[in-house]
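# Chain and residue survey
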Amino acid sequence: MFKKNNLILIFTITLLVTLSFTTGVAQEKTLIIGMDTSPIVSLDPAKAYEFEGSWILDNVYDKLVRFKPGSASEIEAGIAESWEFDGNTVTFTIRDSAKFSNGNPVDAEAVAYSLKRVAKLAQAPSWVITQFGITEDSIEAIDNKVKITMDKAYSPTLVLACMTYSVTGTVDPEVTESNVKEDDMGMAYLSESSAGSGPFKLVSWERNQSLVFERNEDYWGPKPELDKIVIVDIPESSSQLLQLKGGSIDLAWNLDNDQIPDIEEEEDLYVVAKPQFKLIYLAMNGQLTPTDNILVRNAIKSAIDNDAIIKAVGGGSTPLHSFVPEGMFAYYDGDEFPYNPDRAKELLKEAGYPDGFETTLTVPDFLSTEGTVVKAYLDQIGIKTNLEVIAYTTLLGKYRKQGLDMVIARWGADYADPDANAKPFAHSRTIGDDATVKQLAWRNAYANPAMTDMVEEAAFIQDREEREKVYIELQKKWQKESVFEPLYQMSIQLGLNKEVGNFILNELTQTPWELITLK
């Protein structure tokens, strides 16, 4: 049931907003969002590693660079007004007009301090930048510039994409250092407070109740139209839908696919939908008979109707045929093995299995519908499929030991570059314990040195167009040879009141709050 105290909170906020308009005194514009806030662990940019937390932090802290609104492939200036790559170094020139929300100036020293802090704290998201060999000692502030030295000359496209992640947010050194406890570099304080220069600042956070943000009057960019944004904790999607339809909230964040038609039928509401860099995929064990046979794997790929799976789960998803999702640089929409059951049977016969074979398909409980549909299609071509539905934690335990015949699972890119998915899906030189990378290809006991070479090569190509060509060729090869079959690309669907305008989402779940309007 929806929490009583949250109902009271929403009523109070709504009443105050209404009074401000009816009395004509303040005319304050407050956007009220209903969200399950339980995934948010911390709002320290050095620690936050959840989608909801990152979505918030992108608007509280400035990063060196960012993506243009609505895009996850076009870079624009952030707190850095320009940058220059030279071999294994990149130098960012910091804009001189930025201030933190308390009025302190944002300078190169503050940016360098923040990046050094990420490297030193070594929290979960730190690898996004330390994967380039970046350490505390390789970050240097020189006048109004920040120079970063990497261990190799990586692709500028790759490096900049990683620099858009919320972990690179610039914190106010003065505020942070004045709130240090037991050498935590202010982490406890910043987990529930803010010290940024973004368009909004965190005013309060009462866990399991609400987060309140106010406009940063010192923001260097476009002045936000909104005065406040209030995120109210509403764990249940049904309660979010009820409150949206009732006018208590302006935006419902956690809606299910089957709730979208309810939104679309309401004259005063609308839906914002966007494909995300998250995908659902089928994988086959590359060392077990018979899926060690490429003909068998390609037969399975040909036997599955991806459109039917999307329909079965209620829509709201996007077809996907490779590991680079739509909206990401180097996206390839070709499909080497479209749905063709006759071709699937021919490939099985050619592989020596004219009557099919028996196998086990393991899926987590939240993907049971996908598992049921895939099983039905494999059964149709003679592959007797035993469907095993288990808890996700149990599945991961087996999966990480190469212990599954076939599996359906999910994956999300940590940054908007094909490298983020090429490494897990296509990089594996060996299936033994001596492997240096033990991600998805390794978990499915699949090694392909030629594809691994292409993955490693692409990370260092300096020219964007040449790099794109390598990734396109890699994806074509991957479709023909690998143990994977993407089922669909996940999407996010939000319900909004029509009073809310210019609410922009990109594939990384980023929204520039400063551009949102409210009638």
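Residues numbered from 1 in each chain as written. Predicted model: local features only at pLDDT ≥ 70, side-chain atom pairs only at ≥ 80, totals over all residues. Heavy atoms only, no water.

### Quick look at the sheet that holds strand β14 (residues 384-390)
Condition: By this definition, two strands are paired if DSSP reports at least two bridges between them. Secondary structure elements are taken from DSSP: a helix is a run of H or I of four residues or more, a strand is a run of E of two residues or more, and numbering for both begins at the N terminus. Residue contacts are defined here by distance: any two heavy atoms, one from each residue, within 4.5 Å place the two residues in contact. Angles here are taken between N-to-C directions and fall from 0 to 180 degrees, while the axes themselves are lines fitted to C-alpha atoms, restricted in helices to the stretch in contact.
Strand order in this open sheet of 10 strands is β8-β9-β10-β1-β11-β16-β12-β15-β13-β14, and the pairing throughout is mixed. Of all strands in the sheet, those bounded by a partner on one side alone are β8 (200-206) and β14. As judged from the five bridges shared by strand β9 (residues 210-215) and strand β10 (residues 228-233), these two strands associate in the antiparallel manner. Among the inter-strand pairings, Val-212 is bridged to a residue of β10, identified as Val-230. The strands touched by helix α13 (residues 368-380) within the sheet are β13 (358-364), β14, β15 (406-412) and β16 (484-497), with β14 carrying the most contacts at an inclination of about 170°.

### With respect to the sheet that holds strand β7 (residues 145-149)
Spatial strand order, β4-β5-β7-β6: four strands in an open sheet with antiparallel pairing. A strand with exactly one partner marks an edge of an open sheet, and here the two such strands are β4 (80-86) and β6 (139-142). Each adjacent strand pair in this sheet contributes to an overall mean axis angle of 20°, direction not counted. In the sheet, strand β5 (residues 89-94) pairs with β7 via five bridges, with the strands oriented antiparallel. Within β7, the position partnered with Thr-89 by the bridge is Thr-149. Most of the contacts of helix α3 (residues 108-121) go to β6, to which it runs at about 175°, and overall it touches β5, β6 and β7. Of the strands in this sheet, β4, β5 and β7 touch helix α5 (residues 156-163), which is tilted by about 145° from β4.

### A few points about the environment of Ala-161
What counts here: In this scheme, a residue with accessible area under 20% of its type's maximum is buried, one over 50% is exposed, and one in between is partly exposed, where area comes from a 1.4 Å probe on protein chains only.
Position of Ala-161 among the secondary structure elements: in helix α5. Judged by its relative accessible area of 2%, Ala-161 falls in the buried class. Once residues lying within four places of it in the same chain are set aside, the contact partners of Ala-161 are Phe-67, Ile-75, Tyr-415, Ala-416 and Asp-417.

### Remarks on the packing of helix α10 (residues 294-303) against helix α12 (residues 341-351)
Just so we agree on the cut-off: Angles are sorted into four bins: roughly parallel if under 35 degrees, roughly antiparallel if over 145, roughly perpendicular if 65 to 115, and oblique for all others. Should the near helix be turned anticlockwise from the far one by less than a right angle, the crossing is termed left-handed; should it be turned clockwise, right-handed.
Where α10 meets α12, the closest approach of the two axes is 8 Å, and the angle between their N-to-C directions is 165°. One finds that α10 runs roughly antiparallel with respect to α12. Relative to α12, the crossing made by α10 is left-handed. Taking contact as the criterion, the partners of Leu-295, Val-296, Asn-298, Ala-299, Ser-302 and Ala-303 in α10 are, on α12, Pro-341, Arg-343, Ala-344, Leu-347, Leu-348, Glu-350 and Ala-351.

### Brief notes about the pattern of salt bridges
The condition that has to hold: By definition, a salt bridge exists where a carboxyl oxygen of Asp or Glu is found within 4 Å of a side-chain nitrogen of Lys or Arg.
Under the definition given, this model contains 20 salt bridges. Its salt-bridge partner being Arg-117, residue Asp-44 comes within 2.6 Å of it at the nearest N-O pair. Of this pair, Asp-44 sits in the loop between β1 (30-35) and α2 (51-57) while Arg-117 sits in helix α3; the two residues are 73 residues apart in sequence, bridging distant segments of the chain. Exposure class is identical for Asp-44 and Arg-117. Each is buried. As a salt-bridge pair, Asp-453 and Arg-429 come within 2.5 Å of each other at their nearest N and O atoms. In this pair, Asp-453 sits in helix α17 (residues 449-458) while Arg-429 sits in the loop between α15 (419-426) and α16 (440-443), placing the two residues 24 residues apart along the sequence.

### Quick look at α17
Put simply, the rule is: By arc we mean the arc of the directions from the helix axis to the C-beta atoms, nothing more.
Within the span of α17, buried status applies to Met-451, Thr-452, Met-454, Val-455 and Ala-458. Seen from one end, α17 has its buried residues packed into an arc of 160°, which puts them on one side. Residues of α17 that are buried sit in contact with α15 and α18 (464-481).

### Some remarks on the packing of α10 against α18
To be explicit about the condition: When residue character is reported, Ala, Val, Leu, Ile, Met, Phe, Trp, Tyr, Cys and Pro are called nonpolar, Asp, Glu, Lys and Arg charged, and the others, Gly included, polar.
Between α10 and α18, the shortest axis-to-axis distance is 8 Å and the interhelical angle comes to 100°. For the element pair α10 / α18, the angle class is roughly perpendicular. In this structure, α10 uses Ile-294, Arg-297, Asn-298 and Lys-301 to contact α18, whose residues at the interface are Trp-478, Gln-479, Lys-480 and Glu-481. The class makeup of the residues in the contact of α10 with α18 is two nonpolar, two polar and four charged.

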